[in-house]
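What follows is the residue order along each chain.
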Amino acid sequence: MSVKENTNEAKENLNFIASMIDEAVNEGVNNGRVHTRFPPEPNGHLHIGHAKAICLDFGMAEKFGGKCNLRFDDTNPTKERTDFVDGIKKDIHWLGYDWEEREFYASDYFERLWAFAVDLIKRGLAYIDEQSAEEISAQKGTPTSPGKESPFRNRPVAESLAMFEKMNTGELDEGACVLRAKVDMTSPNMHMRDPIMYRINKMPHHRTGTKWKAYPMYDFAHGQSDYFEGITNSLCTLEFEVHRPLYDWFVEHLREDDYRPRQTEFNRLNLTYTVMSKRKLMQLVEENHVTGWDDPRMPTLSGMRRRGYTPDSIKNFINRIGYTKFEATNDVSLLEFAVREDLNKKAPRVNAVINPLKLILTNYPEDKVEMMCIENNPEDENAGSREVPFTRELYIERDDFMEEPPKKFFRLGPEREVRLKGGYIVKCEGYKKDEDSGEVTEVYCTYDPETKSGMPQSNRRVKGTLHWVSVGHALDAEVRLYDRLFLDENPLGHKDKDFLEFINPESLKIIHAKVEPSLATAKPLDYFQFQRIGYFNVDSDSTDEKLVFNRTVGLRDSWAKRK
RNA sequence: UGUCCCAUGGUGUAAUGGUAACACAGCGGUUUUUGGUACCGUCGUUCAAGGUUCGAAUCCUUGUGGGACAACCA
């Protein structure tokens, strides 16, 4: 049944791809079957742009009761590695998608592709060209002028056949010749001007080793692989639009029945303040502008995972930006909104003081320890509560005290009262200052015993509420404050300037914080809201001896904005 | 001086010939033991010109602007 008809209530708004598939299903195309594939080349790590493709490929299959294959597009041994295969699989699973037993490789089809190539030669539709890359390129013409035919274009079939064999035996050197499809050198579409089908590459392949010396090009592998797997919808990004006629040409000459896969293109993901190209990301890693592919500032899935982004936040973000044919640039603040939205519901609240200032309660007994019961998450009633030790000496945030506060400052200052969240209302009676630096070193307060959190008399209202940590119980932690990697909205958009010039010198600040003792058992990837500060997760570097937290994203802060 | 694709508030997306709307961002407010959350309000939109039609964001024509294509990469 149609997805549209399926919903009696409000008609669901489908993106143009879902509408297209819906229509095809209704018309009984391919017997109503929907089968997609996600086809990464294992030559690097996945980034959030790939996540957009993954969500579409797996999402369409899910929506229409079909299947989605994982297929590694491994037709170029020079760049591909097994560890990339493993990383890619891990990232897709992390996002929450599963290809079940359908893990395929373009290299699975080398035999069949070879046979198809031989067939095309025999049909006079392909030939061996012995010219150099430069000659072929020169004859190809330009987008505005037609190409010229190769002198080898009409060589005898037997000759091409024999040479094709030699391309794969190692008898011929790399670059000695290529196999080309005989299409149309005058086509206005450059991809139709006798495209190269096979080239020689003697580098061992990560899966097939040295068995092959001649490898199919993307254009000669992709559509056919789709056909072999019974793919109905081959979804790819906009820049492949001009490849589609060639995709169809090969499939048309290959197919033996009515079934054919259909390629449809959608817009790539672009984000403000971010670079997404694999080459640029590689450069950031190799030139040590970041610590690696999984640096929390990278838009890679491994980096975002380490930064504290949840799969749901990424999927929700992608859902909101949609799929169109318009080359859009999405605001990174929508991504930040998505992760705050998700973590607000899921992240346990904890007290962590990022820039500590000592606060002493002069009327609180020296050795007394009260265990304050504090709820873990006001947004989740099932999250329960925990006990946090409260004592005479506490750390508060340095920003939460001002000697001469302005009118709109609701926090602590001389003679002012605030609530220590989950504790007491305290009043500032004085403070100590370092004469040389002029820096406040201690703040002295008295507490009001009647105002203990939860007590009947505790409802007295004060302007501000501060988070705190007991000095004697505090744990030390390294906190990595991450900010956007680039200062410019479009780092690649300046002709006269290299994108590296826009790197934010303050994209990482490492500080030492005091955190509440319950965090002693926190494990890598656990996420928290540091009350009043932001969302943080435990870094993969973190150990029991040395806790390390990453700032995923700060809380919205209308006070900071006002300043 | 080519072919193909695209154009809706600041950003992104919807409206499938019938009242231009939603989210984010911005601004203002209510609630709040997080200056968070939630909630309310507010700002602001069909690239241009013609045509078809009772009626056009939607269809047609022309123009303007943006993008893709000249790897033995994918």
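Look above for the structure.
Please read these numbers as outputs of a predicted model, since none were measured by experiment.

### Quick notes on the sheet that holds strand E6 (residues 196-200)
Spatially, E4-E5-E6-E7 is the arrangement adopted by the 4 strands of the open sheet, whose pairing is antiparallel. What marks the edges here is a single partner per strand, and that holds for strand E4 (126-129) and strand E7 (214-216). Here the average twist between neighbouring strands, direction ignored, is 25°. Pairing of strand E5 (residues 178-181) with E6 involves 2 bridges; the strand directions are antiparallel. Bridge assignment links Arg180 to a residue of E6, and that residue is Ile196. Each of E4, E5, E6 and E7 touches helix H7 (residues 157-169); the most contacted strand, E4, lies at about 60° to it.

### Structural notes on the pattern of salt bridges
Following the criterion strictly, the structure yields 47 salt bridges and no others. Residue Arg411 is joined to Asp400 by a salt bridge in which the shortest nitrogen-to-oxygen separation is 3.0 Å. One end of the pair, Arg411, is in the loop between strand E15 (393-397) and strand E16 (417-420); the other, Asp400, is in the loop between E15 and E16, and 11 residues separate them in sequence. In terms of burial, Arg411 and Asp400 fall into one category: buried. Salt bridges sharing partners connect three or more residues here, namely Asp294, Arg306, Glu478, Arg480, Asp539, Asp541 and Lys546.

### Some words on helix H2 (residues 16-26)
Owing to its 3.6 residues per turn, the α-helix aligns residues three or four sequence positions apart on the same side. Among all positions of H2, only Ile17, Ala18, Met20, Ile21 and Asp22 are buried. Where H2 starts, the residue carrying a side-chain oxygen 2.9 Å from the main-chain nitrogen of Ile17 turns out to be Asn15. A positive phi of about 75° marks Gly28, the residue just after H2.

### Remarks on the nonpolar core
Most often, soluble globular proteins have nonpolar side chains that are buried together. Formed by 50 residues in total, the largest nonpolar core has its most connected members in Ile48, Ile92, Ile314 and Phe317. Taken together, the elements giving at least two residues each to this core come down to H2, helix H3 (48-63), strand E2 (67-72), helix H4 (82-95), helix H11 (301-307), helix H12 (311-321) and helix H13 (332-346). With 9 residues, the single largest contributor to this core is H3. Those residues within four positions of Ile314 in sequence are excluded, and the remaining contacts are Ile48, Ala51, Trp94, Leu95, Leu301, Met304 and Tyr309.

Quick notes on the rules
Residues numbered from 1 in each chain as written. Chains lettered and ligands numbered in written order. Predicted model: local features only at pLDDT ≥ 70, side-chain atom pairs only at ≥ 80, totals over all residues. Heavy atoms only, no water. Pairing = 2+ DSSP bridges. Helix = DSSP H or I, 4+ residues; strand = E, 2+ residues; numbered from the N terminus. Axes fitted to C-alpha atoms, helices over the stretch in contact; angles between N-to-C directions. Contact = heavy atoms within 4.5 Å. Salt bridge = Lys/Arg side-chain N within 4 Å of Asp/Glu carboxyl O. Buried < 20%, exposed > 50% of the residue type's maximum accessible area, 1.4 Å probe, protein only. Polar contact = N/O pair within 3.5 Å; in protein donor to acceptor, adjacent residues only side chain to side chain. Core = buried A, V, L, I, M, F, W, Y, C linked by side-chain atoms within 4.5 Å.

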